[in-house]
Amino acid sequence: MFGSKVTALSFLFLLLLGFSNCESQTETTMHTNNWAVLVCTSRFWFNYRHMANTLSLYRTVKRLGIPDERIILMLADDMACNARNKYPAQVFNNENHKLNLYGDNVEVDYRGYEVTVENFFRVLTGRHENAVPRSKRLLSDEGSHILLYMTGHGGDEFLKFQDSEELQSHDLADAVKQMKEKRRFKELLIMVDTCQAATLFSQLQSPGALAIGSSMKGENSYSHHLDSDVGVSVVDRFTFYTLAFFEKLNMYDNASLTSLFGSYNPSMLMSTAYYRTDLYQRRLEEVPVTNFFGSVMETIHTDSAYRVLSRKESGSVEIKMSTEKSDHDKERLLLNSNDLDQIGELNTEDQRGNIECIWSTFHKELQKVKDVDSFVNYGLVIMLPLLTVSMWLSW
Amino acid sequence: MGESESENEAPKVKLRPIVRLGMFLISHSHLLSVVCCTAGVLTLLLLPLLAKNTYISENALMPGSANPMLSSQEVSEANGLVKDLTSLDLKRMASGIESQRLIAQYMSNLGAEVSFQKFYPQSNQFHPLHFFSSPDSATIRENISCSSYGLNTVGIIRAPRGDGKEAIVLVTPYNSEKIGLGEALSLGIAYSVFSLLTRVTWLAKDIIWVVADSKYGEYAAVDAWLRDYYIPVFSGLGIQNAEMCHGLEENTIRERNMRDGFKRAGTMAAALVIKVADRSEQFEDSLSIYAEASNGQMPNLDLINIVNYLAVHRQGLRIKVEKMWSLLNCKWLKILGEILESLGHLAKNLNPQWKFGIPAADYVEGTATLTSSLYYQALGIPTGPHGAFRDYQVDAVTLEISSRVSSNNKGRQNDFLLRGGRLIEGVIRSVNNLLEKFHQSFFLYLLTSPTSLYAHANNLDPSFEKNESNHPASAADELGITLRSWKWLYAAKKVLVVHLWGAVVLLLPYFICQIPNCTPTTSFVVWVLLSIFSLLILFWILGSPFSYVYASQPQQREWALLKSVTISAAFIGLCLMSVINFATAEIGALLMVPMCLMAHPLKLDVKSRKLRNFSRVACNLALGFIGFPPTAFLVFKGVFEGFDGISVGDFWNWLESIWAWSSATYLYIGMIHLPCWILCIHVILHPC
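Keep in mind the model is a prediction, meaning the values are calculated, not measured.

## Re the overall build of chain B
Logical step 1: When its secondary structure is counted, chain B shows 26 helices and 11 strands.
Logical step 2: Looking at chain B residue by residue over its 688 residues, the buried ones come to 53%.
Logical step 3: Carbon and sulfur atoms provide 62% of the accessible area of chain B, an area that totals close to 31,200 Å².

## Considering the overall build of chain A
Logical step 1: When helices and strands are tallied, chain A shows 11 helices and 14 strands.
Logical step 2: The 395 residues of chain A split such that 49% are buried.
Logical step 3: Once local pairs closer than 6 in sequence are excluded, the contacts in chain A between residues at least 24 apart make up 73%.
Logical step 4: Split by element, the accessible area of chain A, about 19,200 Å² in all, is 54% carbon and sulfur.

## Focus: the UniProt feature "active site" (unreviewed entry) in chain A
Residues and elements named next belong to chain A.
Logical step 1: This chain's UniProt record puts "active site" (unreviewed entry) on His153 and Cys195. Maximum C-alpha separation among the annotated residues is 6.5 Å over a sequence range of 43 residues, consistent with a single clustered spot.
Logical step 2: Tracing the sequence through the fold places His153 in the loop between strand E4 (144-151) and strand E5 (154-155).
Logical step 3: By relative accessible area, which is 24% here, His153 ends up partly exposed.
Logical step 4: Residues within four places of His153 in sequence aside, it is in contact with Thr41, Ser42, Asn47, Arg49, His50, Leu159, Lys160 and Thr194.

## Quick notes on the interface of chain B and chain A
Logical step 1: Opposite the 19 residues of chain B that make contact, chain A presents 17 residues.
Logical step 2: Of the roughly 1,400 Å² buried at the junction of chain B and chain A (both faces included), carbon and sulfur atoms supply 55%.
Logical step 3: Contact with chain A buries surface across chain B, with Ser65, Arg161 and Leu435 of chain B losing the most and accounting together for 37% of the total.
Logical step 4: Connecting chain B to chain A are zero salt bridges.
Logical step 5: Partitioned by chemical class, the residues of the side of chain B that touches chain A number nine nonpolar, seven polar and three charged.

## Points about the side chain of Thr151 of chain A
All names here are of chain A.
Logical step 1: Relative to the helices and strands, Thr151 is located in strand E4.
Logical step 2: A polar atom in the side chain of Thr151 sits 3.3 Å from the side chain of Asn53.
Logical step 3: Within polar-contact distance, the side chain of Thr151 engages the backbone oxygen of Asp193 at 3.1 Å.

## Points about the sheet that holds E4 of chain A
Residue and element names in this part refer to chain A.
Logical step 1: Here we have seven strands laid out as an open sheet, ordered E3-E2-E1-E4-E8-E9-E12, and mixed in their pairing. Edge positions in the sheet fall to strand E3 (110-111) and strand E12 (274-276), since each has one partner strand and no second.
Logical step 2: Across two bridges, the pairing between strand E2 (residues 71-75) and E3 is parallel. Opposite Met74, over in E3, you have Tyr110 as the bridge partner.
Logical step 3: Taken strand by strand, helix H2 (residues 48-63) contacts strand E1 (33-40), E2, E4 and strand E8 (187-193), and its axis lies near 170° from that of E2.

## Section: helix H2 (residues 17-27) of chain B
Residues and elements named next belong to chain B.
Logical step 1: What H2 keeps buried is the set Val19, Gly22 and Ile26. The buried residues of H2 occupy an angular sector of 60° when the element is viewed end-on, so they sit on one face. Projecting away from the buried face of H2 at angles above 90 degrees are the exposed residues Pro17 and Ser27.

## Looking at the sheet that holds strand E6 (residues 158-161) of chain A
All names here are of chain A.
Logical step 1: Taken in spatial order, the three strands line up as E5-E6-E7 in an open sheet, and their pairing is antiparallel. Unpaired on one side and paired on the other, E5 and strand E7 (165-168) mark the two borders of the sheet.
Logical step 2: In this sheet, E7 lies alongside E6 in antiparallel orientation, the contact comprising four bridges. Pairing of Lys160 across the sheet is with Glu166, part of E7.
Logical step 3: Taken strand by strand, helix H3 (residues 117-125) contacts E6 and E7, and its axis lies near 40° from that of E7.

## Considerations on the pattern of salt bridges
Residue and element names in this part refer to chain A.
Logical step 1: One pass over the full model with this rule turns up 24 salt bridges over all chains.
Logical step 2: For Glu114, the salt bridge identified is with Lys136, shortest N-O distance 3.4 Å. Separated by 22 residues along the polypeptide, Glu114 in the loop between E3 and H3 and Lys136 in the loop between H3 and E4 bring together distant segments of the chain.
Logical step 3: Residue Glu286 pairs with Arg283 through a salt bridge whose shortest N-O separation is 3.2 Å.
Logical step 4: Owing to a relative accessible area of 25%, Glu286 belongs among the partly exposed residues under this scheme.
Logical step 5: When salt bridges with common partners are traced through the structure, they connect Lys186, Glu187 and Arg282 into a single cluster.

## Considerations on the UniProt feature "transmembrane region" (unreviewed entry) in chain B
Residue and element names in this part refer to chain B.
Logical step 1: Per the UniProt entry, the sites bearing "transmembrane region" (unreviewed entry) are residues 31-51, 495-512, 524-548, 618-640 and 660-685 in this numbering.
Logical step 2: Annotated as 100% helix and 0% strand, the span residues 495-512 places its first and last C-alpha atoms 26 Å apart.
Logical step 3: A helix fraction of 85% and a strand fraction of 0% characterise residues 660-685, whose end C-alpha atoms lie 35 Å from each other.

## Describing the pairing of strand E9 (residues 395-402) of chain B
Residue and element names in this part refer to chain B.
Logical step 1: For E9, the buried fraction is high: eight of the eight residues fall into the buried class.
Logical step 2: Across seven bridges, the pairing between strand E6 (residues 267-276) and E9 is parallel. By the bridge assignment for E9, Val273 is matched with Thr398.

## Considerations on the packing of aromatic side chains
Aromatic rings considered in pairs are described by the distance between their centres and by the relative angle of their planes.
Logical step 1: Counted under the stated rule, the structure contains 27 aromatic pairs over all chains.
Logical step 2: Ring plane angle 70° and centroid distance 5.4 Å describe the contact between Tyr375 of chain B and Tyr376 of chain B, whose orientation is recorded as edge-to-face.
Logical step 3: You can call Tyr376 of chain B partly exposed: its relative accessible area is 25%.
Logical step 4: Put simply, the rings of Phe524, Trp527, Phe633, Phe651, Trp652 and Trp654 of chain B pair up and form one aromatic cluster.
Logical step 5: A cation over a ring is seen here: Arg43 of chain A above Tyr113 of chain A, with NZ or CZ 3.9 Å from the ring centre.

## Things to note about the pairing of strand E10 (residues 223-227) of chain A
Residues and elements named next belong to chain A.
Logical step 1: Of the pairings in the sheet, the one linking E10 to strand E11 (residues 232-236) comprises four bridges and is antiparallel in character. Residue pairing in the sheet places His225 in a bridge with Val235 of E11.
Logical step 2: What sits between the antiparallel neighbours E10 and E11 is a turn of four residues, in which Gly231 has the positive phi angle 90°.

## Looking at the environment of Glu142 of chain A
All names here are of chain A.
Logical step 1: Turning to its location among the elements, Glu142 is positioned in the loop between H3 and E4.
Logical step 2: The exposure class assigned to Glu142 is partly exposed, which follows from its relative accessible area of 32%.
Logical step 3: C-alpha separation for the pair Glu142 and Thr29, spaced 113 residues apart in sequence, amounts to 6.7 Å.
Logical step 4: Those residues in contact with Glu142, other than ones at most four positions away along the chain, are Thr29, Arg183, Phe185 and Lys186.

## Re the confidence of the model for chain B
Logical step 1: Chain-level pLDDT for chain B is 76 on average; 78% of the residues reach the 70-or-more range.
Logical step 2: For residues 135-143 of chain B, every residue scores under 50 in pLDDT, and the model assigns this stretch nine contacts once sequence neighbours within four places are set aside.

## Notes on helix H26 (residues 664-684) of chain B
Residues three or four positions apart in an α-helix share a direction because the helix packs 3.6 residues into each turn.
Residues and elements named next belong to chain B.
Logical step 1: Relative to the 30 Å expected for 21 residues at 1.5 Å per residue, H26 spans 29 Å between its end C-alpha atoms, a close match to the ideal helical length.
Logical step 2: The largest bend along H26 reaches roughly 30° and is located at His673, with the proline Pro675 sitting one to four residues downstream.
Logical step 3: Most of H26 is tucked away: 17 of the 21 residues are buried.
Logical step 4: The backbone nitrogen of Thr665 has a side-chain oxygen 3.1 Å away, supplied by the residue at the start of H26, namely Ser663.

## Notes on a nonpolar patch on the surface
All names here are of chain B.
Logical step 1: Together, Ile335, Ile339, Leu343, Leu346, Leu350 and Trp354 make up a nonpolar patch on the protein surface, roughly 620 Å² of accessible area in all.
Logical step 2: Turning to its location among the elements, Trp354 is positioned in the loop between helix H12 (331-350) and helix H13 (360-379).
Logical step 3: Residue Trp354 is classed as partly exposed on the basis of its relative accessible area of 45%.

## Some thoughts on the nonpolar core
All names here are of chain B.
Logical step 1: Core analysis: the largest hydrophobic core is formed by 75 residues, its most contacted members being Leu197, Trp209, Leu287, Val397, Ile424, Ile428 and Val431.
Logical step 2: Per-element tally for this core: the top contributor is helix H7 (residues 181-197), with 10 residues.
Logical step 3: The residues touching Leu287, leaving out its near neighbours within four places in the chain, are Val307, Ala311, Leu317, Arg318, Ile319, Lys320, Leu399, Glu400, Ile401 and Leu423.
Logical step 4: Counting residues in hydrophobic clusters, the runner-up holds 57 residues, among them Phe524, Leu562, Phe633 and Ile658.

## A closer look at unusual backbone geometry
Residue and element names in this part refer to chain A.
Logical step 1: The backbone of Asp77 shows a phi angle near 60°, a positive value even though the residue is not glycine.
Logical step 2: Asp77 gets classed as buried once you look at its relative accessible area, which sits at 14%.
Logical step 3: Unusually for a residue other than glycine, Ala89 sits at a positive phi of about 60°.
Logical step 4: Residue placement: Ala89 occurs in the loop between E2 and E3.

Parameters and conventions
Residues numbered from 1 in each chain as written. Chains lettered and ligands numbered in written order. Predicted model: local features only at pLDDT ≥ 70, side-chain atom pairs only at ≥ 80, totals over all residues. Heavy atoms only, no water. Helix = DSSP H or I, 4+ residues; strand = E, 2+ residues; numbered from the N terminus. Buried < 20%, exposed > 50% of the residue type's maximum accessible area, 1.4 Å probe, protein only. Areas by Shrake-Rupley, 256 points an atom, 1.4 Å probe, with all protein chains shown as cover. Contact = heavy atoms within 4.5 Å. UniProt positions renumbered as here; feature names shortened; annotations may be inferred. Buried area = accessible area lost by both parts, 1.4 Å probe. Salt bridge = Lys/Arg side-chain N within 4 Å of Asp/Glu carboxyl O. Nonpolar A, V, L, I, M, F, W, Y, C, P; charged D, E, K, R; others polar. Polar contact = N/O pair within 3.5 Å; in protein donor to acceptor, adjacent residues only side chain to side chain. Pairing = 2+ DSSP bridges. Axes fitted to C-alpha atoms, helices over the stretch in contact; angles between N-to-C directions. Arc of directions from axis to C-beta. Phe/Tyr/Trp six-rings, centres within 6.5 Å; stacked < 30°, edge-to-face > 60°. Lys NZ or Arg CZ within 6 Å of the ring centre and 35° of its normal. pLDDT = per-residue confidence, 0-100. Expected span 1.5 Å × (residues − 1). Bend = angle between axes of the 7 residues up to and from the residue. Patch = residues over 30% accessible without salt bridge, like charges linked within 9 Å, V, L, I, M, F, W, Y side chains within 5 Å. Core = buried A, V, L, I, M, F, W, Y, C linked by side-chain atoms within 4.5 Å.

In structure tokens:
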């Protein structure tokens, strides 16, 4: 008899937990995957540096953990095999020539004249011809963090595509809005290295978009240095310092977006890096760069295989990374209580009715309790007598 | 004229503002003409101030961004060639062929494709039917003996990964009969670059090295090669003929391989003519750039800019652009420069944004360069072998490098070769980066210094436009009411006859040339006499309508009509000429516009006996004197070069050179300037 009681109890307990788990998944989208769209919008030999920029960033995001199938790389791709290239089939972003960016594993999705404004929009909004293979599509969902990197020649509210078309700021804003409507991203980081890059973001309206550009309106973005062996400039300043920041990082580092944005020194850049955060809900100090540039997501540590802890109820979750490879056991603390809940609120109010409002007020109440763990434990202890009473009654 | 027509209808309807403006301008046409003319001349004087700094507008060029790869190894190879060539010259064992074979040997050792191209000299004789077209080479070949041909040696490097559609041309003219040290050095420079380019991996365009045999002139050799390059001859006759009288009979099979057929590469992106001056500079190595092609066409400015940038900032050469040296010592120019400088300071004090003052010395120098640039463009004669390329729309310049000391010193010579070679390498690498043609740059410009220019492409020279704009105004004024009565038709006929006479005058030199043993002076005198004679004949034949005119209308109107039609003709002529050769039109306008506007019958002026009229008489006489082409030429020559030793024969020689090069300036002088001058003189001497 006691045995049956215990099974029934545990069943009920599981049911309860299951319910709460299901609830949390549906109403706030978790960050579940990372995508990167890297675009080099220029062609011709003298724009070598733009291709080098894009390839360097491609290499960085791959190194930080975004797999190739989740990177859409758009390149004119006319440098490596250009007859003017002194080093055939190699592309460098530094005059020391230590690192060949055009190594074995470069998967270019859109190449040459395929890099057009139209294709760029199709990738972003997901409106493809039927024949387009999955590898050329951005198959993101509402849990995706997307990094959109663009480099090329631009001006006030436009970016040139291969000297034949231009992308205007309202086009970009429109595409992002469509993506938002179609729930193609959770958060979007737009990074642009071009002259007057800041002007490209002026029309953005969609929440969840974070934008950073290499220069303000009226400023030029300059190249970093000239490789006098190859005879062209090989990297732009903004990208160079971005890369310098990431070179110090590995997948497990916890540097925040603030530290990235703070690393841009206007005197080194010869322009003012501009970032637009008003559409972004989280605080930048609390967002690790790997949320965009890597594939590091919030994982929830559970003690056993099936015991799932409600994220709502955890004030702070300790996340342990798999540390077989790295000798230093890095523990990372993701402070996510306040902000995440605010997002939760936003989402729920947007999408669902009043029930969720009640839930959130209840949730707010929960928040006031300081020691959550003990509260949960006490709650469980209290439930035990309740259960026994109910079982006794039904008996 | 349209304006005057609307003037007639004016009283009936309410006038539109444009018509009223037109009437206002017409009623003040004298004042307007004077203002416009002075404004034009002033603008011309202000051009050095208005000149802009040049910049390289084509992004793809990126001059100097790559380190030069030319090393002492290539230079020592080139030194070998120079030594071999000079020793050949000392021995004088075999003229011509030996040196070409040596060069071909050197080329093929580098792995280049070598071919020879044979050509025959063309006489620079004036032929009226061939003025606009180059004479057919086949017809000339017939009566030339085998011994007198030139032999160009052409080496081609194929770009290893290029598509073979484009090429860059290097030209080194040299006289195969007597190789000077300068020519040997220029071959050395080209060879060092050539040998480097056979090894580099970054070539996107083929390289063609033409060693032009300048036995019959540099231009002729390059022109002959270009003609064969662009106009292929498909009959085997020419080749057979060439084989028959070949000097190198003992050739090996390998050399035969070199020679079979004419080798081509892609379309030419740019051409560089390399020369080394035999004279030596006093202070430092310097580089002269010659760019003017026929009819004042200039190569794309970017090409000059690259050369200038690389020479100054990379190789430390001093750039020299042709100047009118005598202008440098001009007192009034200096004073003008100082006035402008102080004006500039004043303007700067008023508003720091206004920066147009330049130092007086710069101004004088700018003017000297500008004058020379204007003159050489107006002449319409190419200043070097690069002119041949321009006829095929290929941008080309001649680079003449002169070294500081005569290069007997071995170390000096190495250094000289290295610098020259690196300059050429840099330019080639820059052009190699080019993706298409040179584009989005200036092509109509006057240089005021190596680093600044005055482009009339974007500013279309206000002076000239203003000068022009006043013609119809004054013409319309004098036409006035008579327009409707078709009386102006007689004047127009007269003008037409005089212009026809101009064409006849143009053709006369062809016949005068046929007279054997003629000194320039006598030919000139004969020409003048024949011209006057033909004028008289024309008047005798076609002159009858004029008597009718005299009878039918009051004479004081006749000269006014004639003047207005003359002005219209001059306007049309200058407009046409400004399209063909802007510099000619500019200089021509400077001489002709005041003359045409001032023309007034002497008789009337003398009758009225006022100071104003006398001054007009003086002006008319002076302008009439200076407006006559021979006197204008001699006066300017005297001013710039001193009056001693000047004879009228110089003008003949000058004209001969102009027609030999088929310059449009020749046509301009005969068909527009001279008739207008005659008509002006006619107006001045009019018996009214």
